[in-house]
Amino acid sequence: MLSTQSLHSEIDQVMNRSGNAFLQYRQIPAAKRAEFLLAIAQHIEALGDALLQTAAAETHLPMARLTGERGRTVGQLTMFAQMLRAGDWQELIINTAIPDKNPPRPDIRRMLVPLGPVVIFGSSNFPFAYSTAGGDTASALAAGCSVVVKAHPAHLKTSILVAEAIKAAAIETGMPESVFQHVEEGSFETGKLLVQHPATAAVGFTGSFSGGKALWDYAASRTNPIPVFAEMGSINPVLLFPDALETQYATLAQQYAASITLGVGQFCTNPGLLIAIEGAGLSSFVEELAKHLQEVRSAPMLHTGISDAYAKKVASALSIQGVQWITTQPSAIEMGTALPVLARVSASDFFHNPTLHEEIFGPYSLLVVADSAEQMMAVLQSVKGQLTTSLMGTDKDFAAFAYVVQEASLVAGRIVCNGVPTGVEVCDAMVHGGPFPATTDSRFTAVGVQSIKRWLRPVAFQNFPDTLLPDELKRTNPLEVVRVEK
Ligand code: NAP
């Protein structure tokens, strides 16, 4: 552990190096940055099983899941490289001069440019795909920003291995020194100093509400505030409509038991809130769901901080008047592990207990039982900003409840029709974001290639000769990039 003075000095040096690296890196052509991203992917793959074994030991995640997540990480880096090569990510818009207009229109050429050094706090639940070389790092490096990652203490060794792979790729492809740096000192003070350093231009974060909000507050209290893109979790409401419950309760129960318990519930898209109207179909669904959840054995969580928080939050929710435990209460549970829990509450009790609206990170889901369609809607309207909302219904349900789609889009960044919220596809159209407190900026996504937009800002060049314009905006379009010209 460094002394306060040494820590200040170390962070100051890290961020000043990042500032200098940014000045060089932003000049490097997009095609060269694409080579860098692809080299990172290769170096990560070259780490082989040693990387997977290190991550498995640190996170308790199974090898199959980690293998898939490494593939996703490599895939993300490749997607950003392809995006850079395609050249359509800079939103190039050209309005040519109209001298005859009154007043005359000047020649205006707009493009997106990188913000500057980005500080990234990786997540504990995605040691590869949303950590050291994860989506935040890949998108920021693609944008032309230098990156400083604060290693997550729950998987430090994994983070160090991946950081070395990124550094090797940087050397191999001739990137500026310190284009990527890895800070291993784990403390809140380290995070605060990184966010508040004058050279820092933006912050990416995935984790708890308290963590994301703290970083946001540090950034807002700077002399020059900077954006913080924090993804802070969600309870992901699921609306179960009456006809679907009547006719498909067994399939729905199976589908949702699998989603609630996937990865020991350690996903920000875990379905933590089920909303339905009282009825025979609901009773059959609840019985089936509880049966499936009880078949799942306790499993280790990422770290004891997370399993302790899960146990405390579940106990606190279940102590609230009107909350009923549906799955069987276990007599004892091994330290560090978690068991699935299904609880039930009436809509009126849900409205009066804000604690029940909070995320419980783990294999927990609360069923809110409404007495009417209007009350079901009121439950949805009462929840805070969410990453997802899922609608489970038949054609008959959707004919009766078509208006719910608009309501759902007010609440969440992604609306799922007859599916589960877990499993976030990495693609161009994905939106992994949502109104506060799911994220600190609902205009952006943290997953998919559009996440690059978080690290870019628009600049317009007015009346410039070709000799002074960036290649992307020159009249001759030497890079042959896609541009909107009007
Ligand atoms: P966390 O506690 O939010 O920590 C994530 C990172 O943020 C860590 O590097 C931590 O620093 C830093 N941090 C947290 N609070 C800070 C503060 N006040 N000032 C400066 N830095 C701060 O997340 P976690 O350890 O991964 O898991 C804890 C809880 O987060 C879980 O129980 C769950 O509720 C939630 N979670 C949510 C998601 C999601 O997808 N949204 C993912 C994982 C976890 P240190 O390194 O110094 O600890």
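Residues numbered from 1 in each chain as written. Predicted model: local features only at pLDDT ≥ 70, side-chain atom pairs only at ≥ 80, totals over all residues. Heavy atoms only, no water.

Colleague: Summarise the overall build of the protein chain; cite the residues concerned and give the values.
Modeller: Tallying secondary structure elements over the protein chain gives 15 helices and 18 strands in all. Since a compact globule built from 486 residues should have a radius of gyration of about 23 Å, the 24 Å found for the protein chain is in line with a globular shape. Evaluated residue by residue, the protein chain yields a buried proportion of 56% over its 486 residues. Sequence-distant contacts in the protein chain: of pairs separated by 6 or more residues, those separated by 24 or more amount to 77%. As presented, the protein chain carries roughly 20500 Å² of accessible surface, and 55% of it is formed by carbon and sulfur atoms. Computed over 34 positive and 44 negative side-chain charges, the separation of the two mean positions in the protein chain equals 7 Å. (Helix = DSSP H or I, 4+ residues; strand = E, 2+ residues; numbered from the N terminus. Rg over C-alpha atoms; globule rule 2.2 N^0.38 Å. Buried < 20%, exposed > 50% of the residue type's maximum accessible area, 1.4 Å probe, protein only. Contact = heavy atoms within 4.5 Å. Areas by Shrake-Rupley, 256 points an atom, 1.4 Å probe, with all protein chains shown as cover. Lys, Arg positive; Asp, Glu negative; His and termini not counted. Charge placed at Lys NZ, Arg CZ, Asp CG, Glu CD.)

Colleague: Tell me about the packing of aromatic side chains, residues and numbers included.
Modeller: Think of a pair of aromatic rings as described by two things: how far the centres are apart, and how the planes are tilted against each other in angle. Under the definition given, this model contains 12 aromatic pairs. Considering the side-chain rings of Phe461 and Phe464, the 5.6 Å spacing of their centres and the 85° angle between planes classify their relative orientation as edge-to-face. Among the aromatic residues, ring-to-ring pairing joins Phe241, Phe398, Phe401 and Tyr403 into one connected group. Above the face of the Tyr25 ring, Arg33 is positioned so that its terminal group lies 5.8 Å from the ring centre. (Phe/Tyr/Trp six-rings, centres within 6.5 Å; stacked < 30°, edge-to-face > 60°. Lys NZ or Arg CZ within 6 Å of the ring centre and 35° of its normal.)

Colleague: Can you break down the packing of helix α4 (residues 63–86) against helix α5 (residues 135–143) residue by residue, with the values?
Modeller: Look at α4 against α5: their axes get within 9 Å of each other, and the N-to-C directions meet at 20°. Taken together, the axis directions place α4 and α5 in an arrangement best described as roughly parallel. As for the relative orientation of α4 and α5, their crossing is right-handed in sense. Two secondary-structure elements touch here, α4 through Gln76, Leu77, Phe80 and Leu84 and α5 through Gly135, Ala138, Ser139 and Ala142. When grouped by side-chain class, the residues that make up the contact of α4 with α5 number five nonpolar, three polar and no charged. (Axes fitted to C-alpha atoms, helices over the stretch in contact; angles between N-to-C directions. Parallel < 35°, antiparallel > 145°, perpendicular 65-115°, else oblique. Left-handed = near helix turned anticlockwise from the far one by under 90°. Nonpolar A, V, L, I, M, F, W, Y, C, P; charged D, E, K, R; others polar.)

Colleague: I'd like a rundown of the domain arrangement of the protein chain, residues and numbers included.
Modeller: Domain annotation of the protein chain identifies domain 1 (4–232 + 439–485) and domain 2 (237–417). Summarising the inter-unit geometry, the C-alpha centres of domain 1 and domain 2 are found 35 Å apart. Taken together, the contact between domain 1 and domain 2 spans 13 residues of the former and 11 residues of the latter. Carbon and sulfur atoms supply 62% of the area that domain 1 and domain 2 bury against each other, a total of about 860 Å² over both sides. It is His60, Asn125 and Glu231 that lose the most area in domain 1 upon contact with domain 2, and together they represent 45% of the buried surface on that side. At the boundary of domain 1 with domain 2, the tally comes to zero salt bridges. (Domains from an automatic or database assignment. Buried area = accessible area lost by both parts, 1.4 Å probe. Salt bridge = Lys/Arg side-chain N within 4 Å of Asp/Glu carboxyl O.)

Colleague: Describe the packing of helix α2 (residues 30–46) against helix α6 (residues 156–172), naming the residues involved and giving the relevant values.
Modeller: At their nearest, the axes of α2 and α6 sit 8 Å apart, and the two run at 135° to each other. One finds that α2 runs oblique with respect to α6. Crossing of α2 over α6 shows right-handed handedness. Mapping the contact onto sequence places Phe36, Ala39, Ile40, His43 and Ile44 in α2 and Val162, Ala165, Ile166, Ala168, Ala169, Ala170 and Glu172 in α6.

Colleague: Just give me the short version of the site of the ligand, but keep the residues and values in it.
Modeller: Ser124, Lys150, Ser208, Tyr218 and Cys268 are the nearest of the 24 residues found near the ligand. Side-chain polar atom of Ser124 to an oxygen atom of the ligand: 2.5 Å apart, as the coordinates give it. The separation between an oxygen atom of the ligand and a polar side-chain atom of His152 is 3.0 Å. Burial of the ligand by the protein chains amounts to 88% of its free accessible area of 880 Å². Listed by contribution, the elements that provide at least two residues to the shell around the ligand are β6 (202–206) and α8 (209–220). If you tally residues by element for the shell around the ligand, the top one is α8, at four residues. (Near = heavy atom within 4 Å. Polar contact = N/O pair within 3.5 Å; in protein donor to acceptor, adjacent residues only side chain to side chain.)

Colleague: Break down unusual backbone geometry for me, with residues and values.
Modeller: Backbone torsion omega between Asn102 and Pro103 reads -5°, so that peptide bond is classified as cis. Of note, Pro103 is situated in the loop between β1 (93–95) and β2 (108–114). For the bond running from Phe436 to Pro437, omega is 10°, close enough to zero to count as cis. Here Pro437 shows up in the loop between β16 (412–417) and β17 (456–462). Of note in this structure, His60 is not a glycine but carries a positive phi near 65°. Looking at where His60 falls in the secondary structure, it is placed in the loop between α3 (48–59) and α4.

Colleague: Would you mind going over the environment of Glu407 in detail, with residue names and values included?
Modeller: Mapped onto the fold, Glu407 is located in helix α15 (residues 404–411). Considering only alpha carbons, one finds Glu407 and Met377, 30 residues apart in sequence, at a separation of 8.0 Å. Beyond its immediate sequence surroundings of up to four residues, Glu407 is in contact with Met377, Leu380 and Gln381. A distance of 3.0 Å separates polar atoms of two side chains, one belonging to Glu407 and the other to Gln381.

Colleague: Explain the pairing of strand β3 (residues 118–121) residue by residue, including any values.
Modeller: Burial along β3 is two-sided: Val118 and Ile120 facing one way and Val119 and Phe121 facing the other are all buried. Across four bridges, β3 lies against strand β4 (residues 147–150) in parallel orientation. Bridge pairing links Val119 to Val148 in β4. With respect to chirality, the unit in which β3 leads through α5 into the neighbouring parallel β4 is right-handed. Note: β3 against β6, four bridges, orientation parallel. Residue pairing for β6: Val119 is matched across the bridge by Val203. (Pairing = 2+ DSSP bridges. Right-handed = clockwise from strand over helix to strand, strands pointing away.)

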